[in-house]
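Structural description and commentary
Chain residues, written in single-letter form:
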Amino acid sequence: MLRTIVIVGGGFSGTVVAANLLRRPPPGPTRLVLIERADEVARGAAYAERSFPYLLNVPASRMSATSTAPKQFLEFAQRRIPKATGEDFLPRTLYGEYLNELLLAAQLSAPNNIRLEIVKGTVTGVRRIERHLPLQVELESGRRFTADDVVLALGNPKPASLPAAKSVLDHPAYVGDPWAIDLKFNRNQTVLLIGTSLTSADVVNVAASDLQRAPNIHALSRHGLVPPRQTPFRPDAFKGDGNALLLAASASLRRLVSSVRLLANEAEQMGGDWREAITFVRNMAPTIWQRLPERDRVRFLRHVRAHWDIYRHRLPPELIQKFDALKSAQRLTIHAGHIKEFIPRDDRIEVIWRPRGTDRTRAQQFDRVINCIGPDYAIARSTEPLWRNLTQCGLCVPDKLGLGLRTGPHGAVIDADGWPGPHLFYVGPMLRADHWEATAAHELRGHAEKLAALLATERR
């Protein structure tokens, strides 16, 4: 009997799940359907073809999409860029080419009992008639698939909407999603970036590509923190006391934060790099997160998250150099504060904000205001038809803290009755609701490999 597995989303996670299933498929005849809304699979928004060569934030030696060949991406890159090294931060479009080749190679070498069908389209609904019956996958075009198993691999959601921006959402000077357009600047512009983390760094990278044409940039976030520089540290060099870290997490969030600081200091005192200690903690993050009571998770998100994200998500040296060059040219200013209001002023936008630590407000007009606060993981307020369908049908449950959706073992999606659905799975960054760290390539490939191994078993 033919078994059908549908993967919704052809970015990193969907591609890696598909490649693993093609290499090690279920025992019987299997139809594997990969549905992607974009023109190309194996790219997603992160690795799509763009006019500007955005860089990966992780060195090439740590970007393999398969755990059995840790240097696979580096070897792929060196066939195209012979001088590339493991510490280089390479273009994201090159990584998209690598994922495409990974899927094609898996498809060409797949056993005869499995075949891959790639479908261009947008999935708007998934329906379950009865708990143990196949799922119905519905596309915007009206096409339907009956699937024994469905994997949701939808990638990062669209950027969060700013409450204060309601009055300027349709204003030509406002950019709600910097990935929806090709950004271009000129020297006469004054630009505000809302957010000072990875997305704003990408925008700064574009703006600083020609210092003679660089606009006057202001970047504003609640804490005004900018990610530090990546260094050629050894990710597995630091061997900390994991049990002590878990005990600290069980005691209190304050104790956990103190323990992490001590580990970072210890790494440097031993002649190493604080980034080694952060990597050690990051690898333990899922276990730590699962042990934290909800009240400490709330406190973490309110008081610690911004600091953890800054030290966890670092920038390539090339981007740090561009930040420094713009600052030296007095073309970049970082602010810490809270936005109060946006006011349309003809072809500009006036922004009123309160600097951190003061009661007074400031006002300034900008030629462009760009939303750089990153993806909105709160699916309860998502405007995407599929997420609205899944929540309304009770097939998934939004995380209370707005971090994604609740999942069980192997990414099984927990439904409104509190049960992990036997045929509906999720893999991607919204696993952070239960694992916290679920965005890096090596983290997502681990989840994808485990899920593919489960789907390859003879399941009833």
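Throughout what follows, the structure given in this document is the object of discussion. (Residues numbered from 1 in each chain as written. Predicted model: local features only at pLDDT ≥ 70, side-chain atom pairs only at ≥ 80, totals over all residues. Heavy atoms only, no water.)

**A word on the overall build of the chain**
Heads up, the condition is: Note on conventions: DSSP H or I runs of at least 4 residues are helices, E runs of at least 2 residues are strands, and numbering of each starts at the N terminus. Throughout, radius of gyration means the C-alpha value; the globule benchmark is 2.2 Å times the number of residues raised to the power 0.38. Accessible area is worked out with a 1.4 Å probe on protein chains only. A residue is then buried under 20% of its type maximum, exposed over 50%, and partly exposed in between. The contact criterion used throughout is that any non-hydrogen atoms of two residues lie within 4.5 Å. Each accessible area value is a Shrake-Rupley result obtained with a 1.4 Å probe; residue values ignore everything except the protein chains displayed when judging cover. Asp and Glu count as negative and Lys and Arg as positive, but His and the ends of the chain are not part of the count. Note on charges: their place is set at NZ of Lys, CZ of Arg, CG of Asp or CD of Glu.
Scanning the chain for helices and strands turns up twelve helices and 16 strands. A globule of 460 residues ought to have a C-alpha radius of gyration of about 23 Å, and the chain, at 23 Å, matches this closely. A principal-axis box enclosing the C-alpha atoms of the chain has dimensions of 70 × 55 × 50 Å. Burial analysis of the chain (460 residues in total) assigns 53% to the buried set. The contacts in the chain between residues at least 6 apart in sequence include a share of 71% that link residues at least 24 apart. For the chain, the accessible area works out to roughly 21,700 Å², and carbon and sulfur atoms hold 49% of it. Each charge class in the chain can be summarised by its mean position, and for the 62 positive and 47 negative side chains these summaries are 3 Å apart.

**Some words on unusual backbone geometry**
With a phi close to 55 degrees, Gln 330 is a non-glycine residue in the positive phi region. With respect to the element layout, Gln 330 can be found in the loop between α9 (317-328) and β11 (332-345). Even without a glycine there, the phi angle at Asp 346 is positive, about 55 degrees. Its location among the elements puts Asp 346 in the loop between β11 and β12 (348-355). Given a relative accessible area of 76%, Asp 346 falls into the exposed group.

**A few points about the layout of surface pockets**
Definition in use: Only protein atoms enter the 1 Å grid used here. Points where a 1.4 Å probe fits but cannot escape make up a cavity, open sets with protein on both sides within 12 Å along at least five of seven lines make up a pocket, and a residue lines them when an atom lies within 4 Å of a point. Grid points are joined across faces, edges and corners, and a volume is the space filled by probe spheres set on the points. Residue classes follow a fixed rule: Ala, Val, Leu, Ile, Met, Phe, Trp, Tyr, Cys and Pro count as nonpolar, while Asp, Glu, Lys and Arg count as charged, and any other residue, Gly among them, counts as polar.
In this model, the second largest pocket occupies a volume close to 550 Å³. As for the second largest pocket, its lining consists of 21 residues, and the residues nearest its centre are Val 257, Val 260, Ile 278, Val 304 and Trp 308. Element by element, the count of residues in the lining of the second largest pocket is highest for helix α6 (residues 253-269), at seven residues. Looking at the lining of the second largest pocket, its residues break down into 17 nonpolar, three polar and one charged.

**Concerning the pattern of salt bridges**
As a reminder, the rule being used: A pairing counts as a salt bridge when a side-chain nitrogen of Lys or Arg comes within 4 Å of a carboxyl oxygen of Asp or Glu.
Counted by the stated rule, this structure contains 24 salt bridges. The closest approach of N and O atoms between Glu 49 and Arg 43, which form a salt bridge, is 3.4 Å. Among the salt bridges present, the one from Arg 345 reaches Glu 350, with a minimum N-O distance of 2.7 Å. Among the residues examined, Arg 345 registers a relative accessible area of 36% and is labelled partly exposed. We classify Glu 350 as buried; its relative accessible area is 14%. Where salt bridges share partners, they join Arg 79, Arg 80, Glu 97 and Glu 101 into one cluster.

**Overview of the environment of Leu 99**
For Leu 99, the location among the structural elements is in helix α3 (residues 92-108). When the C-alpha atoms of Leu 99 and Phe 342 are compared, they prove to be 41 Å apart, with 243 residues separating the residues in sequence. If sequence neighbours within four positions are ignored, Leu 99 has contacts with Phe 12, Thr 15, Ala 42, Tyr 47 and Ala 65.

**Description of the environment of Cys 372**
For Cys 372, the position within the fold is in the loop between β14 (368-371) and α10 (385-392). As for Cys 372 and Leu 211, which are separated by 161 residues in sequence, their C-alpha atoms are 21 Å apart. Excluding residues within four positions of it along the chain, Cys 372 makes contact with Leu 193, Ile 194, Gly 195, Thr 199, Ser 200 and Val 203.

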